[in-house]
Amino acid sequence: MAPFLPPKVVMSGFKEKIDSLLVQGDRIYLGTATDELKKSLTKRSIEQLGFINDVNSVVTLSETTVTLFPLPSFSPPTILSAKAAFSFTIHSCTYLTESELQGKDEFTKPAPRPVLMTYLLVGCRRKVVIYSWKDGEAQALKEHPLPHSPRIISFMNDDLACFAYSATEYAVFSLSKKTVIEVTMPLPLSAPSSTMGALTGFSGYMTLGLGAKSKPGIVKLNEAESLIIKDNEGIIIGKDAKPSRSETIGWQAPPEEIAFIKPYIFSVLPPGSIPSTNTDPGQNSIPTSVVQIRSSISLLPIQTYLYPFREPSRPSSPAPAPQPSLLANATIRLMSPSLATNHSIFLVTTPTDRATATSEGSSIWQFEMKTWSEQIDELVLAGQYSDALKFLESIESKDLSDKDDRRVRIRALNAVSEFEAGQFDKAIDTFTELNINPAKVVALYPESISGRLSVPRDKWIELYGGPPKQKDVVESPTEGSEADSKGSETPKKSEHERSMTATDEMLDNLGLAGPGSIRGRLKGLGALMGAAAAVPTTQKDDDTASVKSQTSRPSKVNSNSDYHKSVESLVRSFLPDRRVKLGAALNAVGMTPADQAHEITSLSAMSVEDLYALPNAPFTQLTPEQLLRYAQIVDTALFKSYLVVRPILAGSLFRVPNWCEVEEVEGVLRARGMFRELKDLYHQKKMHRKALELLRQLGEKEEDLDERVYDSVQYLRKLGPGDLEQVFESARWVIEQNSDRGLEIFKSEDVDLPRNHVADYLEKISPLLCTNYLEYLIQERGEVSVDFHDRLVELYAKITLEARRKKEENLRQQTYDKLMTFISTTTHYRVDRLYGLLSSEDLCEARAILLGKLGRHDQALELYVYRLQDYLKAEEYCKQYYQAGTATSNVFLTLLRIYLRPTVKPNVDLLKPALELISRHSRRLDTTEALQLLPPLVTLNDVQTFLIEGLRIPIFDTDVIRQISKARDNQMARKLMSLQMKRVKVTDSRICPQCHKRIGSTIIAVHSPRGEVTHFSCREAFARKLNEFRQ
């Protein structure tokens, strides 16, 4: 990448020596060695220039004195009090401060206001003097003693400044704390062997360059880092005055000048410091000064300009290049850019030859930087994505409107590069964080994972929005592949080769080409720049002596282990994370795989380009259609990935609702013999026909009938009313194999199929199978519908009659028994309907039961007596319906009448069953009517029991008891009357026969039957005496 355009001349032919330069607005102020700044301001050379916006004044340093010259008149000058000044620096910053006005409460408290603070630090002999302005108002002067005199000063941030005491001594000064911290320098490092070998035998200008005296130098890189120069080494330090990076910059010779324009470091290298590959033994180095531009991010050189510079406005067909011996050298001064010119830098060239300098004078050149977008695009085009990201972060959003979009795109490209280099976890984490389209992530894998989404490795970058890849083409990691280091990998350019390319481009711009040109003699320049570009602070060996590019790519990834690692990374983070979040997003819009997975169109209906075109965005910003496509891609890739690294988990994915693409995985499942998982997938996608056909094919291989149909039965039991036709279609094969197991399909407790339809279906196959189903509904499911009961009893009758016709006695008897039990025990069928169907058939007992339910008992009993001649069942029938005090209280009398007054001519004598009925159920018969029905020749002995029982009927029994009770009452009344008529007379002379004392007026007891009178207290003793006497 060449971030700067070729330099152009701003001013030439300036006869005075320029020591300082200041750009302010549209003007350039020059400080010369003959005391001129546009006009004579000082008597001596102006060593340094600056500008303070707060007071609109130019600051000059001349003869150890700092002076302020107000613009535009430059008068009156203000000589600052700082004496013996060696350097100065200017810094402005803005901060917020509390308003002096205090509010009554937090709601009326004034907001903080911004304050502009400008500092002028002047480095004097062993001290620093601090001048400051607050919103344009001068503040009190401050001084702080130092151990040494600052030769160069550079602000690091709003509080810290870095001092250069000498070429090897630096310190960090805090304005707020007034403290000084010495910079800790790393230990000196020996030059890399490769570099020293390259420098062996240098002479002439090269010796001059390497022997040049080192100068101090400081430039601010960012708010946290600054670059300082120690000899030919550039060290980056942080706020703590310690090296902040392990890498350092290694120049071939101490740079004469350094400057910084974000994010590039300019350095001027002396003549003879750059080697040449010219075959002439007398020319081993470049005899002119060199301007080298490095990236502050990678610390690598990216552009190199040799003096003399060529202006871009010159004709494209250059004149013959001058011979190196004729090239004149010049001193080059880098003038640090001001804030107003942060996209360009100025330098001054003055010929070292006095005659030439007198005749041609000095020239001012401007290096103008390309736009940010152009530089980023060049880094991306070069595949330096990591550097592009760091470069992008160094740019403020106000300077690049599409910074956020570029960051996302470059991060994605960098992740692809990391993936290609085998950093799978890191790449996958980036894809997840950036919400990259899953189709693009899966496309990085071979067809065993990605299917038709797979993209060749050389198309990865292009897929992610990068430029087409021209080199470093290698195969994508494939299962079972092996790395081939002998011919399958295109060698990549090393860092020094890329540096040489940059040099070649620069020489092309200068028009120096062809044999014997500077290009020829600089053919090895890039090699040296790459080998000694930067030196790490901890040297391990010669191979680690230079800074390695942040975008260097390891060898290609082809091994089987790398393939598995890449799939592990996919399974461990990206796919599960996407799956969970997609599930939540789809649920939020009311879409679940259990309900919609079978309804959406297949992925194959969309082209690969359309799938790649799905946006990289958070799921909350996607449409339901886009979410569905994402879900299909993720679940399908997850299953295929499980097959590679975790086969045991592959089947579990299909046992839960999923969005897997059937067409992508069914072939894989069949090939691997994962039929159960394939069945689960079909079931989840509601592809029941395929699932049942698969189960049928597998079942036909089983010898045991139960095992043959088991899986099909279990699958069909889970299908609901919406799949009724499929159930009927697939159940027929099961029923043909095993009707009992086939019936279990319709006995599922998980789903309830339409019972009428099931009954119709089963009846068409087998009426007996239908009766089994109806029995299940009525007996186990508690079905009370009259229609089902009617249907069952009609099927019983139909099967019975058909079995009798076919003389299948066992089936007839079995079904007829069920019929009799059913019509006798249940009341949920229409009796008249059934009787109408059976009235013409020879099912007498069933008809008799139905007649009984219809209340036609006489007809029912006639069937029992005349047709069946089963007198016990006739009596049982009467027992069933007899109920005293109701309309059925005469049912036994009806049976007796049928016996004794037959309506048809019987084949047997019915008197005997009639008399047995009378003897057994006399209490339930009306005696009078029963006696009237008896024929005249019946003897009293035949009906003795009946007559005895007849007398015991309540009407007779009650009258007898009443008469006996009446007679007894009369007897007791007469006896009482007799007793009441007896008297005893007690006089004063009446003596108690027990104690022989007079009775007197005490309580007495009279003893029967002769009326003895005793004292009441003597009654018991006297009664015992009487009893003994009587015995």
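These numbers were taken from a predicted model, which means no experiment stands behind them.

K.L.:
In this structure, what is going on with the sheet that holds strand E6 (residues 48-52)? I would like to understand it.
P.N.:
Two pairing modes exist for strands in a sheet, parallel and antiparallel, and in both the strands are linked by backbone hydrogen bonds. In space, the four strands of this open sheet follow the order E6-E7-E8-E9, with antiparallel pairing throughout. In this open sheet, the two edge strands, each paired with only one partner strand, are E6 and strand E9 (78-79). Pairing of strand E8 (residues 65-70) with E9 involves two bridges; the strand directions are antiparallel. Its bridge partner being in E9, Thr67 is matched across the sheet by Ile79.

K.L.:
Would you explain a nonpolar patch on the surface in this entry?
P.N.:
Where nonpolar side chains cluster on the molecular surface, the patch consists of Val984, Val986, Ile1004 and Val1006 and spans about 270 Å² of accessible area. Relative to the helices and strands, Val986 is located in the loop between helix H37 (954-980) and strand E31 (1004-1007).

K.L.:
Mind showing me how you'd approach the packing of helix H25 (residues 755-765) against helix H27 (residues 786-805) here?
P.N.:
Packed helices, taken two at a time, are described by the angle between their axes plus the distance between the axes. Look at H25 against H27: their axes get within 12 Å of each other, and the N-to-C directions meet at 10°. One finds that H25 runs roughly parallel with respect to H27. Touching Arg755, Asn756, Ala759, Asp760 and Glu763 of H25 are Phe788, Arg791, Leu795 and Lys798, all from H27.

K.L.:
Explain the environment of Val172 here, please?
P.N.:
Tracing the sequence through the fold places Val172 in strand E17 (residues 170-174). Taking C-alpha positions, Val172 is 9.7 Å from Ser154, a pair spaced 18 residues apart along the chain. Residues contacting Val172, with those up to four places away along its chain left out, are Met156, Leu160, Ala161, Thr179, Val180, Ile181, Val183, Ile237, Lys239 and Ala241.

K.L.:
What's the story with the environment of Glu418 in this structure? I'm lost.
P.N.:
Positionally, Glu418 belongs in helix H6 (residues 403-420). C-alpha separation for the pair Glu418 and Ser386, spaced 32 residues apart in sequence, amounts to 9.7 Å. When sequence neighbours within four positions are dropped, the list of residues in contact with Glu418 reads Gln423, Lys426, Ala427 and Thr430.

K.L.:
Before we go on, may I ask you to explain the packing of aromatic side chains in this structure?
P.N.:
Any two aromatic rings considered together are summarised by their centre-to-centre distance and by the angle between their planes. Following the criterion strictly, the structure yields 28 aromatic pairs and no others. Where Phe4 meets Phe266, the ring centres are 4.9 Å apart and the plane angle is 80°; that geometry is what we call edge-to-face. Placement of the pair is Phe4 in the segment before strand E1 (8-14) and Phe266 in strand E24 (residues 264-269), with a sequence separation of 262 residues. In terms of burial, Phe4 and Phe266 fall into one category: buried. Measuring from centroid to centroid gives 5.3 Å for Tyr305 and Phe367, while their planes differ by 70°, and the two rings are edge-to-face. Of this pair, Tyr305 sits in strand E26 (residues 301-306) while Phe367 sits in strand E29 (residues 362-368); the two residues are 62 residues apart in sequence, bridging distant segments of the chain. Of the residues examined, Tyr305 reaches a relative accessible area of 3% and is grouped as buried. Within the aromatic cluster, the residues linked to one another by ring pairs are Phe4, Tyr264, Phe266, Tyr305, Tyr307, Phe309, Trp365, Phe367, Trp372 and Phe391.

K.L.:
How should I be thinking about the nonpolar core in this particular structure?
P.N.:
Within soluble globular proteins, side chains that are nonpolar tend to cluster in buried spots. With 184 residues, the main nonpolar core has Phe266, Phe431, Phe746 and Ile823 as its most contacted residues. For this core, the leading source of residues is helix H17 (residues 624-645), giving 13 residues. Among residues more than four places away in sequence, those in contact with Ile823 are Val793, Tyr829, Leu834, Ala846, Ile849, Leu850 and Lys853. Residues Leu227, Ile228, Ile229 and Ile236 belong to the second largest nonpolar core, which totals 29 residues.

Calculation notes
Sequence positions are assigned chain by chain, starting from 1 and proceeding in written order. A pLDDT threshold of at least 70 governs which residues receive local features in this predicted model, and a stricter bar of 80 or more applies before side-chain atom pairs are shown or counted, although totals over entire chains, interfaces and linings include all residues. Just so you know, side-chain values use all the structure's heavy atoms and leave hydrogens and water out. If DSSP finds at least two bridges between two strands, the strands pair. Only runs of H or I of at least four residues qualify as helices and only runs of E of at least two qualify as strands under DSSP, and these elements are numbered from the N terminus. Residues qualify for a patch when their relative accessible area is over 30% and they have no salt bridge, like charges being joined within 9 Å and the nonpolar side chains of Val, Leu, Ile, Met, Phe, Trp and Tyr within 5 Å. Using a 1.4 Å probe, accessible areas were evaluated by the Shrake-Rupley method; residue-level cover was limited to the displayed protein chains. Within this document, salt bridges are pairs made up of a side-chain nitrogen of Lys or Arg and a carboxyl oxygen of Asp or Glu, the two lying within 4 Å of each other. An axis is simply a line fitted to the C-alpha atoms; with a helix, the fit covers only the stretch in contact. Between two such axes, the angle follows the N-to-C directions and lies from 0 to 180 degrees. Relative orientations are named as follows: roughly parallel for angles under 35 degrees, roughly antiparallel for angles over 145 degrees, roughly perpendicular for angles from 65 to 115 degrees, and oblique for any other angle. The contact criterion used is simple: two residues touch if any of their non-hydrogen atoms lie within 4.5 Å. Any two rings among Phe, Tyr and Trp, with Trp reduced to its six-membered ring, count as a pair given centres within 6.5 Å; such a pair is stacked if its planes are under 30 degrees apart, edge-to-face if over 60, and tilted if neither. For every residue, the accessible area (1.4 Å probe, protein chains only) is compared with the maximum for its type, and the residue is labelled buried under 20%, exposed over 50%, or partly exposed between those bounds. For this analysis, a nonpolar core means a set of buried residues of the types Ala, Val, Leu, Ile, Met, Phe, Trp, Tyr and Cys, connected via side-chain atoms within 4.5 Å.

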